[in-house]
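Structural description and commentary
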Amino acid sequence: MSARTTALAALIACRKTRAWSDGVLKEYLRRDRLDSRDAALATRLCYGVVQNRMLLDFYLRAFCKGPLEKLQPVVLDILRLGAYQITCMDRIPVSAAVNEAVEQGKKYANHRAAGLINGVLRSLARAGDALPQPPDLATRYSHPAPLVELLRENVGEALLEPLLACDNAAPETAVQVNRLRISDRALRARWDEQGVPYERHPWMPGCYLLRGAGSVEALEAFREGLVLVQDPAARLAVTAAGLKPGMDVLDCCAAPGGKSFAAAMDMEDRGDILACDLHPHKVSLIAKGAARLGLRSIAAREQDATAFQPAWEGRMDAVLADVPCSGLGVIRKKPDIRYKDLTATEALPAIQGRILDNVSRYVAPGGVLLYSTCTILRRENEAVVEAFLEGHPQFRPEALELPPALGLTGPMATLLPCLHQCDGFFIAKLRRAP
């Protein structure tokens, strides 16, 4: 199975099932058993097409005689895949991209479609530097115009284009060292011996960026529970809570479990962590992850974060509330998010507020409530926290202890991928009065 075939199969599946490309791609990479090099290429192709879909369609319209909407859907998938290789990748020979696309056209459509694919892609390749220029930022970076305007309102004009460009960059894989099982030095020595490419993250201790290492799940360090796949921003949200051994902690929206795992590591696996999620299959994933990492302080259970549990009232030294959000800070890792209907996100602040109101009742006097999201919209971040504080005078904001390299201060912080080499993320720390 070739990388291009796997990428096309994943794109077809995403279109038909409306599933997230990252999950579908992971499934197809396992199915096709590609080696690390082909798996990396298939990933780049699939993500690249999704990330640049509007731009690719803009180019294709210049060389297709009829509307793209009238093409057989799989033919458009193949054209986008070929166009991405021709216009956005330097190391792919045009002949290889076109020939493979033509063969895919024969297999998935018919010989007539294969002829159309051949003609369009060769015309596109001949255009070279004379390709038409995209008329606006929305087309250039394949972010729908309403999303571009929303991001402009939230990050400002100066950061808008860098953010859009960062959303289209190849996402890095970040792993955190499980220091309960191995030291940083010992893990680096292993990786050096095994030829695993890594580099230290610039501001998060114990965090390493893996580039070209293939599937993380296939690494010995992952299988042995020596590392946790987690973005530095998400790790920072746990670090900011200031957890200590022996604490009682609630992670109220825990799946897939990363923050609970990080909390257990900060607490030296001493104490009690309740990791809750609404969906039973996700609760199972948390339990499996804790077992892989050798963490015994975590109990995973099914629980709706908006439903009050009287037994937990006033009991928790810390509550982590990483609430459901629009996810606009992780577009580079979930590129499909950009195409979702924004109107559905307008109801999120009310849900986030209900969760915060409910779980705040579990915080013990003097305890911490840590609110976080993976979005950069003020209406889901600062506005939710400010509304909560107005109605809960027993809580006060507390300054976050953040790495100086971030250049951020105060009780609330928004991290941006284009500035901080991490996911777009929001963190707020609130302390309940003793």
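Residues numbered from 1 in each chain as written. Predicted model: local features only at pLDDT ≥ 70, side-chain atom pairs only at ≥ 80, totals over all residues. Heavy atoms only, no water.

A few points about the packing of aromatic side chains
For the coordinates displayed, the defined rule picks out eight aromatic pairs. With 5.3 Å between their ring centres and 45° between their planes, Trp-191 and Tyr-198 make a pair best called tilted. On the basis of relative accessible area, Trp-191 is assigned to the buried category, the value being 1%. The class for Tyr-198 is partly exposed, based on a relative accessible area of 24%. Between the aromatic rings of Tyr-371 and Phe-426, the centroid separation amounts to 6.2 Å while the plane-to-plane angle is 70°, which identifies the pairing as edge-to-face. Within this pair, whereas Tyr-371 is found in strand β9 (residues 363–373), its partner Phe-426 is found in strand β12 (residues 425–432), the two being separated by 55 residues in sequence. As far as the burial class goes, Tyr-371 and Phe-426 line up, both buried. Linked through ring pairs, Trp-191, Tyr-198 and Tyr-208 together constitute an aromatic cluster. A cation over an aromatic ring shows up here: Lys-340 above the ring of Trp-20, its NZ or CZ 4.7 Å from the ring centre. The cationic tip of Arg-361 hangs over the ring face of Phe-308; the distance from NZ or CZ to the ring centre is 3.8 Å. (Phe/Tyr/Trp six-rings, centres within 6.5 Å; stacked < 30°, edge-to-face > 60°. Buried < 20%, exposed > 50% of the residue type's maximum accessible area, 1.4 Å probe, protein only. Helix = DSSP H or I, 4+ residues; strand = E, 2+ residues; numbered from the N terminus. Lys NZ or Arg CZ within 6 Å of the ring centre and 35° of its normal.)

Observations concerning the side chain of His-420
Structurally, His-420 can be placed in helix α18 (residues 417–420). Given a relative accessible area of 8%, His-420 falls into the buried group.

Side note on the pattern of salt bridges
Counting across every chain of the model gives 25 salt bridges. Ionic pairing is found between Arg-140 and Glu-161, a salt bridge with its closest N-O pair at 3.1 Å. Linking Arg-140 in helix α8 (residues 137–140) with Glu-161 in helix α10 (residues 157–167), this pair joins segments that are 21 residues apart in sequence. In this structure Arg-140 comes out as partly exposed when scored by relative accessible area, which is 35%. Glu-161 sits in the partly exposed class, given a relative accessible area of 30%. When the shortest N-O distance is used, the salt bridge between Arg-179 and Asp-184 registers 2.8 Å. Residue classification places Asp-184 among the buried residues on the basis of a relative accessible area of 14%. (Salt bridge = Lys/Arg side-chain N within 4 Å of Asp/Glu carboxyl O.)

A word on the environment of Ala-170
Locating Ala-170 in the fold gives a position in the loop between α10 and β1 (173–177). Taking the relative accessible area as the measure of exposure, Ala-170 reaches 48% and is therefore partly exposed.

A word on the nonpolar core
With 51 residues, the main nonpolar core has Leu-60, Leu-79, Leu-81, Ile-117, Leu-121 and Leu-124 as its most contacted residues. Going through the elements one at a time, α1 (3–17), α2 (21–32), α3 (36–51), α4 (53–61), α5 (73–88), α6 (94–108) and α7 (111–127) are the ones with two or more residues in this core. Not counting residues up to four positions away in its chain, the partners in contact with Leu-81 are Arg-4, Ala-7, Leu-8, Leu-11, Leu-45, Val-49 and Gln-104. Counting residues in each nonpolar core, the second largest holds 42 residues, with Ala-233, Ala-240, Val-249 and Ala-413 among its members. (Core = buried A, V, L, I, M, F, W, Y, C linked by side-chain atoms within 4.5 Å. Contact = heavy atoms within 4.5 Å.)

Details of the pairing of β1
Along β1, four of the five residues are buried, which leaves the element largely enclosed by surrounding structure. Taken together, the four bridges between β1 and strand β3 (residues 207–210) define a ladder with antiparallel strand orientation. Residue pairing across strands places Ala-174 opposite Leu-209, the latter belonging to β3. One ladder, built from three bridges, connects β1 with strand β4 (residues 227–229); its direction is antiparallel. Across the sheet, Val-177 pairs through a bridge with Val-227, a residue of β4. (Pairing = 2+ DSSP bridges.)

Focus on the sheet that holds strand β2 (residues 198–200)
Taken in spatial order, the four strands of this open sheet run β2-β3-β1-β4, and their pairing is antiparallel. Pairing within the sheet leaves two strands with one partner each, and these edge strands are β2 and β4. Across the sheet, the mean angle separating the axes of adjacent strands is 35° when strand polarity is ignored. (Axes fitted to C-alpha atoms, helices over the stretch in contact; angles between N-to-C directions.)

Points about the packing of α1 against α6
Contact geometry of α1 with α6 gives a least axis separation of 11 Å together with a crossing angle of 50°. One element, α1, and the other, α6, form an angle in the oblique class. The crossing of α1 and α6 is right-handed. Residues Arg-4, Thr-5, Leu-8 and Ile-12 of α1 form the contact with α6, whose participating residues are Ala-96, Ala-97, Glu-100, Gln-104 and Tyr-108. Within the contact of α1 with α6, the residues separate by chemical class into five nonpolar, two polar and two charged. (Parallel < 35°, antiparallel > 145°, perpendicular 65-115°, else oblique. Left-handed = near helix turned anticlockwise from the far one by under 90°. Nonpolar A, V, L, I, M, F, W, Y, C, P; charged D, E, K, R; others polar.)

Description of helix α9 (residues 145–155)
Because each turn of an α-helix spans 3.6 residues, side chains separated by three or four positions in sequence point in the same direction. Among the residues of α9, Leu-147, Val-148, Leu-150, Leu-151, Asn-154 and Val-155 are the ones counted as buried. All buried residues of α9 fall inside an arc of 165° around its axis, so they share one side. Along α9, exposed side chains directed more than 90 degrees from the buried face belong to Pro-146 and Glu-153. On its buried side, α9 packs onto α8 and α10. (Arc of directions from axis to C-beta.)

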